[in-house]
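Tertiary structure, described
Read off the chains here:
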Amino acid sequence: MTETVIPVLREMRWWDIEPVHELEKALFPEDAWSRGMFWSELAHSRGPEATRRYVVAETGDRVVGYAGLASSGDLADVQTIAVAPDHWGTGLGGRLLTELLRAATAFECAEVLLECRVDNVRAQKLYERFGFQPIGFRRGYYQPGNVDALVMRLTTASDSGSGTESTSVQGTGIND
């Protein structure tokens, strides 16, 4: 019987861009982010003015997942979550999403938005388990395949004083 190695989550750094990009291309061949997009996001992820949080999941020296969040004011957007196919169904997607939601709290965001492909039911189920609600569509969002995006929002705080808050995450393609 093979021993299962639980991936370690840590901050994404510049030296992770190449393995993350390779996984990105394998998971999202039609609409993969470029290396430059990852470089740009990481440029905003450190220091007192940071507005991004990117993490990788690794087993040994292999990146098996990654996730990123952008914040602006009281809104956060899940930019991306991805998990290597051999780690689907292990809970890694949920661990990555939990880390992004922690970051949204640290950024003092009131809402978290996200977008996911309408045909990515696995991702939608993950987000629903975390309390995200569908709020609309972005027609033809994913190019070049012209696939619609489902926009979802997580509310984590409310002005009503009921003790719930609102959080939102956007811009996400996920394979969990």
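See the structure shown above.
Residues numbered from 1 in each chain as written. Predicted model: local features only at pLDDT ≥ 70, side-chain atom pairs only at ≥ 80, totals over all residues. Heavy atoms only, no water.

**With respect to the overall build of the chain**
Of the regular secondary structure elements, the chain holds 4 helices and 8 strands. When the helices and strands of the chain are listed from N to C terminus, the series reads β-α-α-β-β-β-α-β-α-β-β-β. The buried share of the chain, taken over its 176 residues, is 48%. Of the roughly 9000 Å² of accessible surface on the chain, 51% is carried by carbon and sulfur atoms. (Helix = DSSP H or I, 4+ residues; strand = E, 2+ residues; numbered from the N terminus. Buried < 20%, exposed > 50% of the residue type's maximum accessible area, 1.4 Å probe, protein only. Areas by Shrake-Rupley, 256 points an atom, 1.4 Å probe, with all protein chains shown as cover.)

**Points about the pattern of salt bridges**
Taken as a whole and judged by the stated rule, the model has 14 salt bridges. A salt bridge links R35 to E18, with the nearest nitrogen and oxygen atoms 2.7 Å apart. Here E18 lies in helix α1 (residues 17–27) and R35 lies in helix α2 (residues 35–42), a separation of 17 residues in the sequence. Judged by relative accessible area, which is 36%, E18 ranks as partly exposed. Note that R53 and E99 form a salt bridge whose closest N and O atoms lie 2.9 Å from each other. With R53 in strand β2 (residues 52–59) and E99 in helix α3 (residues 92–106), this pair connects stretches of sequence that are 46 residues apart. Residue classification places R53 among the partly exposed positions, given a relative accessible area of 25%. Linked through salt bridges whose partners overlap, the residues forming this network are R10, D16 and E58. (Salt bridge = Lys/Arg side-chain N within 4 Å of Asp/Glu carboxyl O.)

**A word on α2**
Taken together, the buried positions of α2 are occupied by F38, E41 and L42. Seen from one end, α2 has its buried residues packed into an arc of 95 degrees, which puts them on one side. Along its buried surface, α2 packs onto α1, β2, β3 (62–72) and β4 (75–83). (Arc of directions from axis to C-beta. Contact = heavy atoms within 4.5 Å.)

**Some words on the environment of E41**
Among the structural elements, E41 can be located in helix α2. For E41, the contacting residues outside a window of four places in its chain are W33, R52, Y54 and Q79.

**Considering the nonpolar core**
V112, Y127 and F132 are the most contacted members of the largest nonpolar core, which has 42 residues in total. The element contributing the most residues to this core is α3, with 7 residues. (Core = buried A, V, L, I, M, F, W, Y, C linked by side-chain atoms within 4.5 Å.)

Interpretation note: all reported values are geometric properties and have no functional meaning in isolation.
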